[in-house]
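Below, each chain spelled out in residue letters.
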Amino acid sequence: MSSFKNIRNFSIIAHIDHGKSTLADRLLEATGTIEKRKMKEQVLDQMDLERERGITIKMQPVRMVYHPHRGSDASFGVKSATVSGRINEVEPCVLNLIDTPGHIDFSYEVSRAMQAVEGAILLVDSTQGVQAQTLSVLRMAREAKLTIIPVMNKIDLPLAQIKESRDQIVQLLGCSPDDVLATSGKTGEGIPELLERIVVEVPAPTVSLTLNLQALVFDFAYDTHRGMIVFVRIVEGKLEEGAELLFLGAKDSFNALEVGIFAPEKRRTRILQAGEIGYVVTGLKRAGAARVGDTITTKNKQASPLPGYSEPTPMVWASLYPEEQDDFGDLRQSLERLKLSDAALSYEEEASGAIGRGFRCGFLGMLHLEIVSARLEREFKMRLIVTAPTICYEIELVDGRREKIYAATLFPEESRIARVYESWVRATIITPPEFMGAILHLLYEHEAVVGATSLFGDNRTSLTVEMPLRELMRNFFDELKSVSSGYASLSYEITDMRQADVALMEVLVADEVVGAFAKIVARRRIREEAEATVERLREVLPRQMFDFKIQARAQGRIIASRSMSGMKKDVTDYLYGGDITRKMKLREKQKKGKKRMKARGRVEIPHEVFLKMMKPKD
């Protein structure tokens, strides 16, 4: 086992699609962690969804062993012999890398990874330069007091703007141009120099060899046969296989069934020393037995708990229902299983009169919602109805009480509401200046308040704005990419709660309220939204045997309406000739039957209609 002085724990942080996973592939290749014949693209991305979309969703740790060049002036390791002051032999260095997601929805994963390392590679795509999420992850790294190594990637591409990107990094960090390393995750250029920089600049873990075991849980996975597998950073002491251990937060005790490292597949080592990163098989199969940020210690010699993590706050809420109510129990089990590998997911049971029983789920953003839905369908074979996403509102009632509402169906009557409050965000947009006009118009449409504007580099503008979270989730990111031809980037953070000018919009089908179609909408857009909703529903709803209306209601009145005519049948079709009064009697009888059906009839809305209404119109 190597000395803790030879351990370097670091992560790669960057804006989405700046080449983190590809750079990690080259590091694994250069250190011989994976044989060249076994290499594949995005080797650390384990899920099919990650490979298909080309993004990292889950953080992934991996251990590499690096043999530095002899004669290196690196200040680590053990000098076994010297000749004229030159190092003759140096112990290999253990590099523990945690590859992190780049999308803003998964910034919670990034923040957890940073608590388990001492350094970070700040990666910037030389074809795009510094982007909004670059600023966000850099701020998190500085708050975690990490050593930062600035690196440019993709320098082999014809569109690479090496000088401009280097200047932007220098302006951002206040470092020397010589400190910015140029690399290519595709060709491997600059990788040897990067490994040397990691060894020299990232500090070794700070360890006190006299303290009891303290292990920080920064992630976990679930195995059907072996139960919870927790990913840990050993802060103090050592963790041995077979030891009786305790979660200090959850108070659950367990025996360490297996202990090992990530290489990148799980490799059994039977022991983890202070400063190392690895995994522990717990055998626990109960949901909630382990939580990220919990501290593991020995049961008989307990240590004090580590600071841990703050609980993730859901930003978007949506309801998930099984297409067939018989699958409700399967959906519950699937969410429990998924929660074991996705700490940011939250859910609670609810019921809808139109759809049945389901779960109200909290997500970190729209992509998180999309990924969870896709994983439930792929990994657990669930067929789902997903309701329109909404955010959490705080309602001040006329009697002075306050309620938190995260579903449109729970919104109180207009007469009971004194004020409504909603979350606001502070967003940073970085864009070429020629798109500023279109972006400012888009910001006006989404109720944004424009703040400071500054030049960033030679041909970039940084714009700080504040806007309602509700408007940010109303397809703002896609529209921003559209008006800027894909060049603008966005990062944001929640700031505070402010008064909102919103109202509940309900949809009635045949005079019956359908809760699944209810929305909380800005009053200035309520008529536009109502017209679009009833027209869309008229297009997808099957005709019935009787006439009925589709209506949108808000603020106590109908603001949009469409009529659906019933299906018609010629009841006299089988008659040949004869008296006209016979036909008239049959038609009158049909008319009375239609009238009774309209009075008593109820429109059954197929599941396919709910699915079509939740998806954006092509």
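What comes next is a walk through the structure. (Residues numbered from 1 in each chain as written. Predicted model: local features only at pLDDT ≥ 70, side-chain atom pairs only at ≥ 80, totals over all residues. Heavy atoms only, no water.)

### What to know about the overall build of the chain
Part 1 of the argument: Each helix and strand in the chain was counted, giving 14 helices and 33 strands.
Part 2 of the argument: A total of 618 residues make up the chain; the buried ones form 53% of that total.
Part 3 of the argument: Summed over all atoms, the accessible surface of the chain reaches about 29200 Å², with 48% contributed by carbon and sulfur. (Helix = DSSP H or I, 4+ residues; strand = E, 2+ residues; numbered from the N terminus. Buried < 20%, exposed > 50% of the residue type's maximum accessible area, 1.4 Å probe, protein only. Areas by Shrake-Rupley, 256 points an atom, 1.4 Å probe, with all protein chains shown as cover.)

### Here's the deal with the sheet that holds strand 12 (residues 244–247)
Strand pairing in a sheet relies on backbone hydrogen bonds, with the paired strands running either antiparallel or parallel.
Part 1 of the argument: Reading across from one edge, 13-12-18-9-10-17-14-15 is the order of the eight strands in this open sheet, with antiparallel pairing throughout. Either end of the sheet is taken by a strand with one partner, and the two such strands are strand 13 (253–255) and strand 15 (266–268). Within the sheet, the average angular offset between the axes of one strand and its neighbour, ignoring direction, is 40°.
Part 2 of the argument: The pairing of strand 12 with strand 18 (residues 295–298) spans three bridges and is antiparallel. Note on strand 18: the bridge partner recorded for L245 is T298. (Pairing = 2+ DSSP bridges. Axes fitted to C-alpha atoms, helices over the stretch in contact; angles between N-to-C directions.)

### Notes on helix 3 (residues 107–114)
Part 1 of the argument: Most of helix 3 sits out of view: six of its eight residues are buried.
Part 2 of the argument: Of all the residues in helix 3, the buried ones are Y108, E109, V110, R112, A113 and M114.
Part 3 of the argument: Residues of helix 3 that are buried in the fold lie against strand 1 (7–14), strand 5 (93–99), helix 4 (132–143) and strand 9 (214–223). (Contact = heavy atoms within 4.5 Å.)

### A word on the packing of helix 3 against helix 4
When two helices pack together, their arrangement is given by the angle between their axes and by how far apart the axes lie.
Part 1 of the argument: Closest axis-to-axis distance for the helix 3/helix 4 pair is 10 Å, and the angle between their directions is 30°. When the axes of helix 3 and helix 4 are compared, the crossing they make is right-handed. On helix 4, the residues touching S107, V110, S111 and M114 of helix 3 are Q133, V137, M140 and A141. (Left-handed = near helix turned anticlockwise from the far one by under 90°.)

### Overview of the pattern of salt bridges
Part 1 of the argument: Applying the stated rule across the entire model yields 40 salt bridges.
Part 2 of the argument: The partner of E241 in a salt bridge is R270, and the shortest N-O contact between them spans 3.2 Å. Here E241 is found in the loop between strand 11 (239–240) and strand 12, whereas its partner R270 is found in the loop between strand 15 and strand 16 (271–272), with 29 residues between them in sequence.
Part 3 of the argument: Take E241: its relative accessible area is 21%, and that puts it in the partly exposed class.
Part 4 of the argument: Here the salt bridges do not stand alone but share partners, grouping R139, R426, E466, E493, D496 and R498 into one network. (Salt bridge = Lys/Arg side-chain N within 4 Å of Asp/Glu carboxyl O.)

### Quick word on the pairing of strand 10 (residues 227–236)
Sheet faces and side chains relate simply in a regular strand, where the side chains alternate between the two faces.
Part 1 of the argument: With nine of 10 residues buried, strand 10 is to be regarded as a mostly interior element.
Part 2 of the argument: Sheet analysis places strand 9 next to strand 10, joined by nine bridges and oriented antiparallel. In the strand pairing of strand 10, D223 is matched with G227.
Part 3 of the argument: Taking the residues that link successive antiparallel strands as the turn, the strand 9-strand 10 hairpin has three residues.
Part 4 of the argument: Two strands pair when backbone bridges link them, and strand 10 and strand 17 (residues 277–281) are joined in this way by five bridges, in the antiparallel orientation. The residue of strand 17 that forms the bridge with F231 is Y279.

### Section: the nonpolar core
Part 1 of the argument: In terms of nonpolar packing, the biggest core is built from 67 residues, with V230, V232, L239 and I296 touching the most fellow members.
Part 2 of the argument: Ranked by residues supplied to this core, first place goes to strand 10 with six residues.
Part 3 of the argument: If we ignore the near neighbours within four places in the chain, the residues touching V230 are V217, D219, F220, F247, G278, Y279, V280, T282, A290 and I296.
Part 4 of the argument: With 37 residues, the next largest nonpolar core counts V316, V425, I439 and V502 among its residues. (Core = buried A, V, L, I, M, F, W, Y, C linked by side-chain atoms within 4.5 Å.)

### Here we look at helix 7 (residues 328–339)
Part 1 of the argument: Along its 12 residues, helix 7 runs 17 Å from first to last C-alpha, staying within 8% of the 16 Å computed at 1.5 Å per residue.
Part 2 of the argument: When helix 7 is considered as a whole, its buried residues turn out to be F328, L331, S334, L335 and L338. Projection of helix 7 onto a plane perpendicular to its axis shows the buried side chains occupying an angular sector of 115°, all on one side.
Part 3 of the argument: The elements touched by buried residues of helix 7 are strand 19 (316–322), strand 20 (346–352), strand 21 (356–363), helix 8 (366–379) and strand 22 (384–386). (Expected span 1.5 Å × (residues − 1). Arc of directions from axis to C-beta.)

### Considering the packing of aromatic side chains
A ring pair, where both rings are aromatic, is described by two values, the distance of the centres and the angle of the planes.
Part 1 of the argument: Inspection of the entire model under this criterion finds nine aromatic pairs.
Part 2 of the argument: Geometrically, the ring pair formed by F231 and F262 is edge-to-face, given 4.7 Å between the ring centres and 65° between the ring planes. Of this pair, F231 sits in strand 10 while F262 sits in strand 14 (residues 258–262), placing them 31 residues apart in sequence.
Part 3 of the argument: Here F231 falls in the buried class, since its relative accessible area comes to 6%.
Part 4 of the argument: Aromatic side chains F247 and F254 sit 5.0 Å apart centroid to centroid with 35° between the ring planes, which places their arrangement in the tilted category. By the burial criterion, F247 is buried, and F254 matches it. (Phe/Tyr/Trp six-rings, centres within 6.5 Å; stacked < 30°, edge-to-face > 60°.)

### A look at the packing of helix 1 (residues 20–30) against helix 6 (residues 191–201)
Part 1 of the argument: For the pair helix 1 and helix 6, the least separation of the axes is 10 Å and the interaxial angle reads 85°. Classified by the angle between their axes, helix 1 and helix 6 sit roughly perpendicular to one another. Here L23, R26, L27 and A30 of helix 1 lie close against helix 6, whose contacting residues are I191, L194 and L195.
Part 2 of the argument: Residue composition of the contact of helix 1 with helix 6, by class: six nonpolar, no polar and one charged. (Parallel < 35°, antiparallel > 145°, perpendicular 65-115°, else oblique. Nonpolar A, V, L, I, M, F, W, Y, C, P; charged D, E, K, R; others polar.)

### Some words on the side chain of E276
Part 1 of the argument: Counting through the fold element by element, E276 comes out in the loop between strand 16 and strand 17.
Part 2 of the argument: At 2.8 Å, the side chain of E276 and the backbone nitrogen of Q273 are in polar contact. (Polar contact = N/O pair within 3.5 Å; in protein donor to acceptor, adjacent residues only side chain to side chain.)

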